[in-house]
Amino acid sequence: VQLQASGGGLVQAGDSLRLSCAASGRAFSVYGMGWFRQAPGKEREFVAAINWSGGRTSYADSVKGRFTVSRDNAKNTVYLQMDSLKPEDTAVYYCAAVGPYYRGSFHDTDEYRYWGQGTLVTVSS
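Residues numbered from 1 in each chain as written. Predicted model: local features only at pLDDT ≥ 70, side-chain atom pairs only at ≥ 80, totals over all residues. Heavy atoms only, no water.

Description of the sheet that holds strand S7 (residues 67–72)
- Spatially, the four strands line up as an open sheet ordered S1-S3-S8-S7, and their pairing is antiparallel. With partners counted over all chains shown, the strands left at the sheet margins are strand S1 (2–6) and S7, one partner each. Going from strand to strand, the sheet's axes swing by 15° on average, the running direction of each strand aside. (Pairing = 2+ DSSP bridges. Helix = DSSP H or I, 4+ residues; strand = E, 2+ residues; numbered from the N terminus. Axes fitted to C-alpha atoms, helices over the stretch in contact; angles between N-to-C directions.)

Here we look at the packing of aromatic side chains
- Summed over all chains, the structure comprises seven aromatic pairs.
- When the ring of Phe36 is compared with that of Tyr112, the centres are 4.9 Å apart and the planes differ by 85°; the resulting orientation is edge-to-face. One end of the pair, Phe36, is in strand S4 (residues 31–38); the other, Tyr112, is in strand S10 (residues 112–115), and 76 residues separate them in sequence. The same class applies to Phe36 as to Tyr112, namely buried.
- Taken together, a centroid distance of 4.9 Å and an interplanar angle of 80° make the contact between Trp52 and Tyr101 edge-to-face. Taken as a pair, Trp52 in the loop between strand S5 (45–50) and strand S6 (57–59) and Tyr101 in the loop between strand S9 (91–100) and S10 lie far apart in primary sequence, 49 residues in all.
- By relative accessible area, which is 45% here, Tyr101 ends up partly exposed.
- Taken together, the ring pairs in this structure connect Phe36, Phe46, Tyr112 and Trp115 into an aromatic cluster.
- Arg71 extends its terminal NZ or CZ atom over the ring of Phe28, reaching a point 4.4 Å from the ring centre. (Phe/Tyr/Trp six-rings, centres within 6.5 Å; stacked < 30°, edge-to-face > 60°. Buried < 20%, exposed > 50% of the residue type's maximum accessible area, 1.4 Å probe, protein only. Lys NZ or Arg CZ within 6 Å of the ring centre and 35° of its normal.)

Right, dumping it as structure tokens:
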């Protein structure tokens, strides 16, 4: 699976942004998909994830209620809608794919097999 993240940019606090992650290669629809982010000087952290069917999602506490993850298996794409953005959301955002029909917690970066290249989100105050 090859992953290509896009949609990052410079926005102001309170604005919205939607990230996309387009997948190619093996059957996208069987993979769970996650979003992670890494701010300068910090470790990569879990943001949100969605299971293969779209029926289960998971969010970090820091983004719960502001971010929404979704997927369109017909378009081989997963999305991260980010609302009410804060300066602390500034980071490089990565999408990643975890194993077919995955049933775990989604939070562990080591469980993800494939990673996209990242897209930079900068939120100014």
